[in-house]
Amino acid sequence: MKKNIFIVMAVMAALFMGKLSAQNNFMDGESRIALSIALPEQADPLPAGAETYLINKLKQVAAQNGLAAEAGYSRFFITATITPISKDIVAGPPQQIAQNMEITLYIADGFDQKLFATTTVSAKGVGTNETKSYIDAIKHINPNSKQFKEFAEEGKAKIVAYYEAQCDNIVKKAQSLAKQKDYEAALYELVAIPDVCKCYDQALEATADIYQQYVDHLCDVNLAKARAAWAAEQNVNGAKKAGEHLASIYPDAKCYNEGMALYRGIKDKVLDDWKFEMKIYQDGVDLEKERIKAWRAVGVAYGNHQQPVNNYVNWLFR
């Protein structure tokens, strides 16, 4: 049998990950503190093009200072406001708009509504229209400056302090969620704990146990569905339906061998008309490392599918 070899991360990517670039910080072995990027509702909304530049600048400030920021969802967020101070029309040609602005960045806890760090920089932008003027001002923000380094360090220190104080409670909450079979939510709680925390090993052990429960549960559910699909139609069409469920069974699941046995039974009957193979681990990979990547992928993907409440950011500016 010709083997299509997939490692667990490829499986997870196919099933759980869309365009979730925030996960890259976890996939490459870095356990950075994850921040959401959440821009507030402002009295004078930013031009759409300028908002995109501001989001990219927030990503740069985070990445250059040991954080990971994306437009996903986590307890902690980084945000910014831009306040125009003055606007002048510069005669052309071409006529240009010159603006002096104050750009303020914040790191905060969106759940408990606590501000952790803030810093403000002055910037001047010039452009042929207001959008370009904003963009020019944002471009002049230097993510590597001492000011932003100190800003990020202050935010990180308070986030780590939160996890140090709450770690036991987080682990217990995750275990409770797992008992309710809410495995993705449980993993989301645990994978957010950064490796700089003293309880990281405790969280890692809990994560491994819950992840195993998760893949075993998925296996039981999908194996039952595959058997039902095959029992209903023992032909190529039934094999195709069964294969869709067998594709969700992971090699380290307890019922994997049962899934493999069903696969072989179907294959023997439909022969080469069924173009499907069970997933297996790639020879020589570090299985423990791949499992850690896999459970982080599940947790982060779950977080990115959550929607923050309206108060998540706007409380900062009341």
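Residues numbered from 1 in each chain as written. Predicted model: local features only at pLDDT ≥ 70, side-chain atom pairs only at ≥ 80, totals over all residues. Heavy atoms only, no water.

1. A short note on the overall build of the protein chain
Helix and strand content of the protein chain: eleven helices and five strands. By residue count, 48% of the 318 residues in the protein chain fall in the buried class. Taking the contacts inside the protein chain whose residues are at least 6 apart along the sequence as the reference set, 71% of them involve residues at least 24 apart. For the protein chain, the accessible surface area stands at approximately 16000 Å², while carbon and sulfur atoms represent 49% of it. (Helix = DSSP H or I, 4+ residues; strand = E, 2+ residues; numbered from the N terminus. Buried < 20%, exposed > 50% of the residue type's maximum accessible area, 1.4 Å probe, protein only. Contact = heavy atoms within 4.5 Å. Areas by Shrake-Rupley, 256 points an atom, 1.4 Å probe, with all protein chains shown as cover.)

2. Looking at helix α5 (residues 146–179)
End to end, α5 covers 46 Å across 34 residues, agreeing with the expected 50 Å (1.5 Å per residue, within 8%). At Q166, α5 shows its largest bend, some 65 degrees. Trailing α5 by a residue or two, K181 shows a phi angle of about 65 degrees, which is positive. (Expected span 1.5 Å × (residues − 1). Bend = angle between axes of the 7 residues up to and from the residue.)

3. A word on the pattern of salt bridges
Across all of its chains, the model carries nine salt bridges by this definition. Of the charged contacts in the structure, one is a salt bridge between K158 and E154, with a shortest N-O distance of 3.5 Å. Within this pair, K158 and its partner E154 are both found in helix α5, separated by four residues, close to a single helical turn. What makes E154 partly exposed here is its relative accessible area of 36%. In this structure, the salt-bridge partner of E233 is K241, at a minimum N-O distance of 2.9 Å. Among the residues examined, K241 registers a relative accessible area of 37% and is labelled partly exposed. One salt-bridge network, held together by shared partners, links R75, D109 and D112. (Salt bridge = Lys/Arg side-chain N within 4 Å of Asp/Glu carboxyl O.)

4. Focus on the sheet that holds strand β1 (residues 33–37)
Strand order in the open sheet made by the five strands is β2-β1-β3-β4-β5, with mixed pairing throughout. Every other strand in the sheet has two partners, leaving β2 (67–70) and β5 (114–127) as the edge strands with one partner each. Taking each pair of neighbouring strands and ignoring which way they run, the sheet shows an average axis angle of 25 degrees. Across two bridges, β1 lies against strand β3 (residues 76–90) in parallel orientation. Considered in β3, the bridge of I37 is made with I78. On the sheet, α5 packs against β1, β2, β3, β4 (96–109) and β5 and is oriented at approximately 155 degrees with respect to β5. (Pairing = 2+ DSSP bridges. Axes fitted to C-alpha atoms, helices over the stretch in contact; angles between N-to-C directions.)

5. Considerations on the packing of helix α3 (residues 48–63) against helix α4 (residues 130–139)
Where α3 contacts α4, the two axes come as close as 8 Å, and the packing angle between them is 10 degrees. Here α3 lies roughly parallel to α4, going by the angle between them. Touching G49, A50, Y53, L54 and K57 of α3 are T131, Y134, I135, I138 and K139, all from α4. Across the contact of α3 with α4, the residue classes tally to six nonpolar, two polar and two charged. (Parallel < 35°, antiparallel > 145°, perpendicular 65-115°, else oblique. Nonpolar A, V, L, I, M, F, W, Y, C, P; charged D, E, K, R; others polar.)

6. Considerations on the packing of helix α6 (residues 183–191) against helix α7 (residues 200–232)
Remark: α6 packs on α7, axes separated minimally by 10 Å, with the N-to-C direction vectors making an angle of 160 degrees. By the angle class used here, α6 and α7 are roughly antiparallel. Between α6 and α7 the crossing geometry is left-handed. For the pair α6 and α7, the contacting residues are Y183, E184, A186, L187, L190 and V191 in the first and A203, A206, T207, I210, Y211, Q213, Y214 and H217 in the second. In terms of residue class, the contact of α6 with α7 is built from ten nonpolar, three polar and one charged. (Left-handed = near helix turned anticlockwise from the far one by under 90°.)

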